[in-house]
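Descriptive analysis of the structure
What follows is the residue order along each chain.
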Amino acid sequence: MLEDKFITLVMALPDACKDFSQDGTIIFSLPVKLHTCPQCHNETCRVHDYRKQKIKTSASIVCNRTFIYRRRRYRCQHCGKVFSEQQSFIGRYQQIPYSDVLDIITAHEEVEPATKIARRFCVSPTTVSRIFGMVNPSVNHLDKAISLDEFHGNAGAKFQVVLNSLTQHKCLNVFSNRSSEVLYYEISKAYPIAERLKVEHVSIDLSPFFKRVVEDCFPNAQIAADHFHVVRLANDALDSVRKEVQANLTSTQRKHFKRSRRLLLKREKDLNTEDYQALQVLLNFSDKLSAAYAMKEQYYKLFDSKDSVEFNEKLLLFRLAVEAQNIPVFNKLLRTTVKWKKEIIHGIATGLNNGFTEGCNTVIKTLKRVSFGYKKFSAFRRRIIFVLNSEARRLRRSTCHKIAVGA
């Protein structure tokens, strides 16, 4: 483990460089060796004096010891310059060794608060935040396929916007505000027009605002409407009809509607025999509910289309069914689908969706909750990008994907 590096370094020193005489304390120094004077560049090994430096390290917990480093200072015999010895395990004027600094930074890959990391390394949360503040994730390049989505951040503005790569499954950037002025400015500032012209596909939900942003900021990109958000409109339409029908039933009749939402939203082809029989009981209570369920199933078939011709044929059948039944919520669904038809077809053709982005939003919300919120957006943004792009998380995603494909 990384925290063992410091102990290994100390234990590997010659016996003459280690003092165990004091209870619970290890005083150590490095072997004397030739050093080059930083002023006149002549070599010297003449010792001037020693300075004691207490080391704050997680190794103290592992072996229940206090470590004190006797930093040696040399004097140049030619020019008289006094300088500290060269070593690679701790910085000048620092108490935390480089190995612990790296461990503290790496610990931020997991979704846990800074206070928990601080307790693990026996430092203050302020020190943890200061060390992690040295991290500056690079977000200079875009991908040919990206996605945009908002999330409830409350770090400064109420909503922030996350930009992800859909081919590399990485978080590319997080913008501080959803407002059009700020978002346009931050995208233009972060990415020159030559970089934005490389974007070919952008996946978004059915947001007219994001549609305008994509059209203005990514001129060469085609928009793909996210499959989940489109299908959810049909689910919501059917569920509103279910609630309306269920509200007019007697208490005796309502017992048949237990688990009704799950049954109604599940695709008919995926129902087992028991569920299918329970579904038929539900649909017999109302012709309106039965018609709504049939239209939902017809709408789902749109996404089984192999090309735009087949999509338009199935959309025509859906339109005829909606016009025949004249149910307001499905009339609205039809209008929205026609309005976003081009984007929906592009989403089906490319297979692009916001699934990865929605998963990232869940991680962001969990991070915000366990950390009890963030005051500064810069710190929140840095932690989001670091967590979402960590190598360990990327490997877990790859493993889950392989398992899903194999199943």
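**Examining the overall build of the protein**
- Regarding its fold elements, the protein presents 19 helices and twelve strands.
- Relative to its length of 407 residues, the protein is extended, with a C-alpha radius of gyration of 31 Å against a globular reference of 22 Å.
- In the protein, once contacts between residues fewer than 6 apart in sequence are set aside, the share between residues at least 24 apart is 58%.
- Surface accessibility of the protein: about 21800 Å² in total, with carbon and sulfur atoms responsible for 52%.
- Positive and negative side-chain charges in the protein, numbering 65 and 41 respectively, have mean positions lying 7 Å apart.

**A word on helix 15 (residues 328–339)**
- With twelve residues, helix 15 should reach 16 Å at 1.5 Å per residue; the first-to-last C-alpha distance of 17 Å fits that figure.
- The set of residues buried in helix 15 consists of F330, N331, L333, L334 and T337. Seen from one end, helix 15 has its buried residues packed into an arc of 160°, which puts them on one side. Opposite the packed face of helix 15, turned more than 90 degrees from it, sit the exposed residues P328, K332, R335 and K339.
- The elements touched by buried residues of helix 15 are helix 9 (227–247), helix 13 (287–300), helix 14 (308–325) and helix 16 (341–350).

**Thoughts on the environment of P125**
- Along the chain, P125 falls in helix 5 (residues 125–132).
- For the pair P125 and C360, spaced 235 residues apart in the sequence, the C-alpha separation amounts to 25 Å.

**Considerations on the packing of helix 9 against helix 13**
- It is the contact of helix 9 with helix 13, at a shortest axis distance of 9 Å, that shows an interaxial angle of 175°. Relative to helix 13, helix 9 is oriented roughly antiparallel. Along the contact surface, helix 9 presents V230, V231, A234, N235, L238, V241, R242, E244 and V245, while helix 13 presents K288, L289, A292, Y293, K296, Y299 and Y300.

**Remarks on the state of the cysteines**
- Per the counting criterion, the structure on display carries zero disulfides.
- Just so you know, C45 is unpaired, no disulfide at all, and the nearest cysteine sulfur is the one on C76, 11 Å from it.

**Remarks on unusual backbone geometry**
- The backbone of H169 shows a phi angle near 55°, a positive value even though the residue is not glycine.
- Note that H169 resides in the loop between strand 9 (159–165) and strand 10 (170–175).
- A positive phi angle, close to 55°, is found at N326, a residue other than glycine.
- As for its placement among the helices and strands, N326 is situated in the loop between helix 14 and helix 15.
- N326 gets classed as exposed once you look at its relative accessible area, which sits at 54%.

**Some thoughts on the nonpolar core**
- Membership of the largest hydrophobic core comes to 74 residues, with the highest contact counts inside it found for L148, F218, F318 and F330.
- For this core, the element with the most residues is helix 9, which contributes seven residues.
- If sequence neighbours within four positions are ignored, F218 has contacts with L142, I146, L148, L163, I187, R196, V199, V202 and V213.

**Observations regarding the environment of A157**
- Tracing the chain through its elements places A157 in the loop between strand 8 (145–152) and strand 9.
- By relative accessible area, A157 is classed as buried at 18%.
- C-alpha separation for the pair A157 and S176, spaced 19 residues apart in sequence, amounts to 6.8 Å.
- With near-sequence residues (within four places) excluded, A157 lies in contact with S176 and N177.

**Here's the deal with the sheet that holds strand 10**
- With respect to topology, five strands assemble into an open sheet ordered 10-9-8-11-12, the strand pairing being mixed. With one partner strand each, in any of the chains shown, strand 10 and strand 12 (222–225) form the two edges of the open sheet. Ignoring strand direction, the axes of neighbouring strands in this sheet form an average angle of 25°.
- Summarising the sheet, strand 8 and strand 9 pair through seven bridges and their orientation is antiparallel. From the neighbouring strand, L148 faces strand 9, where its bridge partner is L163.
- On the sheet, helix 16 packs against strand 11 (201–204) and strand 12 and is oriented at approximately 85° with respect to strand 12.

**Quick notes on the packing of aromatic side chains**
- A full pass over the atoms with the stated rule returns 14 aromatic pairs.
- Ring geometry for F28 versus F89: centroids 5.9 Å apart, planes at 50°, classification tilted. Taken together, the residues span a long stretch of sequence, with F28 in strand 2 (residues 25–28) and F89 in the loop between strand 7 (82–84) and helix 3 (98–107) at a distance of 61 residues. This pair shows no difference in class: F28 is buried, exactly as F89 is.
- Residues Y299 and F303 carry aromatic rings whose centres are separated by 5.8 Å and whose planes lie at 65° to one another, so their mutual orientation is edge-to-face. Taken individually, Y299 and F303 each receive the classification buried, so the pair is uniform in this respect.
- Taken together, the ring pairs connect F6, F28, F67, Y69 and F89 into an aromatic cluster.
- One Lys or Arg, R70, reaches over the ring of Y50 and ends 4.0 Å from the middle of that ring.
- Positioned above the aromatic ring of F159 is the side chain of R178, whose terminal nitrogen or guanidinium carbon lies 4.4 Å from the ring centre.

Conventions used here
Starting from 1, residues in each chain are numbered consecutively following that chain's sequence as written. Restriction of local features to residues with pLDDT of at least 70 applies here, the model being predicted, together with a cutoff of 80 or more for giving and counting side-chain atom pairs; totals for whole chains, interfaces and linings are based on all residues. For side-chain calculations, the full set of non-hydrogen atoms in the structure is used, while hydrogens and water are omitted. The secondary structure listing takes helices from DSSP runs of H or I that are at least 4 residues long and strands from runs of E that are at least 2 residues long, numbered from the N terminus. The globule rule used here is 2.2 Å times the number of residues to the 0.38 power, and the radius of gyration it is set against is calculated over C-alpha atoms. Here a residue-residue contact requires only that any non-hydrogen atoms of the pair lie within 4.5 Å. For the area figures, the Shrake-Rupley method with a 1.4 Å probe applies, and any residue is considered shielded solely by the protein chains shown. We treat Lys and Arg as the positive residues and Asp and Glu as the negative residues; His and chain ends play no part in the count. A single reference atom marks each charge: NZ on Lys, CZ on Arg, CG on Asp, CD on Glu. For a helix, the expected span equals 1.5 Å multiplied by the residue count minus one. Accessible area is worked out with a 1.4 Å probe on protein chains only. A residue is then buried under 20% of its type maximum, exposed over 50%, and partly exposed in between. Directions drawn from the helix axis to the C-beta atoms are what define this arc. Here an angle of 0 to 180 degrees is reported between the N-to-C directions of two axes, which are lines fitted to C-alpha atoms, with helices fitted over the stretch in contact. When describing relative orientation, an angle under 35 degrees is termed roughly parallel and one over 145 degrees roughly antiparallel, while 65 to 115 degrees is termed roughly perpendicular and anything else oblique. Cysteine sulfur pairs qualify as disulfides if the two atoms are within 2.5 Å. Buried residues of nine kinds, namely Ala, Val, Leu, Ile, Met, Phe, Trp, Tyr and Cys, make up a nonpolar core once their side-chain atoms join them within 4.5 Å. Should DSSP find at least two bridges between two strands, the strands are taken to pair. Planes of paired rings set the category: under 30 degrees apart is stacked, over 60 is edge-to-face and the rest tilted, where pairs are Phe, Tyr or Trp rings (Trp by its six-membered ring) whose centres lie within 6.5 Å. Lysine NZ or arginine CZ positioned within 6 Å of the ring centre and within 35 degrees of the ring normal marks a charge as sitting over the ring.

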